[in-house]
Amino acid sequence: NMVLFTLSLMIGTAGLPHVIMRFFTVPRVSDARWSAGWTLVFIALLYLTAPAVGAMARLNISEMMWPNGVNGEAVSVETIETDARYDWMATWQKTGLLD
């Protein structure tokens, strides 16, 4: 499902009018096809990078909050308040990103 969803987003993005106009700015049809191919490559890179960054962020948070695995104990409030690795949480609380 995720692959088909990503493919439909790529094709939909490539079909936008401002992208299609760029395909016709080259002198030959073969150049337009080559340009469309490169466009799809870069759109695919964009759409595949975002979920990968999200998955890595989720892994990082789960490893920080449950250092002994998800079946182990979570990090205590005292550790969060004293350990420098968790200073970003205080910063996010000040800005309202974390309650």
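See the structure above.
Residues numbered from 1 in each chain as written. Predicted model: local features only at pLDDT ≥ 70, side-chain atom pairs only at ≥ 80, totals over all residues. Heavy atoms only, no water.

### Some details on the nonpolar core
With five residues, the main nonpolar core is built from Met-64, Met-65, Val-75, Tyr-86 and Met-89. Leave out the neighbours within four places in its chain, and Val-75 touches Met-64, Met-65, Pro-67, Ile-80 and Tyr-86. (Core = buried A, V, L, I, M, F, W, Y, C linked by side-chain atoms within 4.5 Å. Buried < 20%, exposed > 50% of the residue type's maximum accessible area, 1.4 Å probe, protein only. Contact = heavy atoms within 4.5 Å.)

### Description of the pattern of salt bridges
Scanning all chains against the criterion turns up two salt bridges. Among the ionic pairs, Arg-85 bridges to Asp-83, the shortest N-O distance being 3.3 Å. Judged by relative accessible area, Asp-83 falls into the partly exposed class, the value being 23%. (Salt bridge = Lys/Arg side-chain N within 4 Å of Asp/Glu carboxyl O.)

### Describing helix α3 (residues 29-65)
The end-to-end C-alpha distance of α3, which contains 37 residues, comes to 55 Å, matching closely the 54 Å that a straight helix rising 1.5 Å per residue would cover. Residues of α3 that are buried include every one of Ala-32, Thr-39, Ile-43, Ala-44, Met-64 and Met-65, and no others. (Helix = DSSP H or I, 4+ residues; strand = E, 2+ residues; numbered from the N terminus. Expected span 1.5 Å × (residues − 1).)

### Quick notes on the packing of aromatic side chains
One pair of aromatic rings is described through two measures. These are the centre distance and the angle between the planes. Under the defined criterion, the tally for this structure stands at three aromatic pairs. Between Trp-34 and Trp-38 the ring centres are 6.2 Å apart and the planes differ by 75 degrees, which places this aromatic pair in the edge-to-face class. A residue pair is termed a helical-turn pair when its members lie 3 or 4 positions apart in one helix, as Trp-34 and Trp-38 do in helix α3 at four residues. For Trp-38, a relative accessible area of 42% gives the class partly exposed. Here Trp-88 and Trp-92 contribute two aromatic rings whose centre-to-centre distance is 5.1 Å and whose plane-to-plane angle is 80 degrees, an arrangement assigned as edge-to-face. Within this pair, Trp-88 and its partner Trp-92 are both found in helix α5 (residues 87-95), separated by four residues, close to a single helical turn. A residue is classified by how much of its surface remains accessible, and Trp-92, at 40% relative accessible area, is partly exposed. Following the ring pairs from residue to residue traces out a cluster consisting of Trp-34, Trp-38 and Phe-42. (Phe/Tyr/Trp six-rings, centres within 6.5 Å; stacked < 30°, edge-to-face > 60°.)

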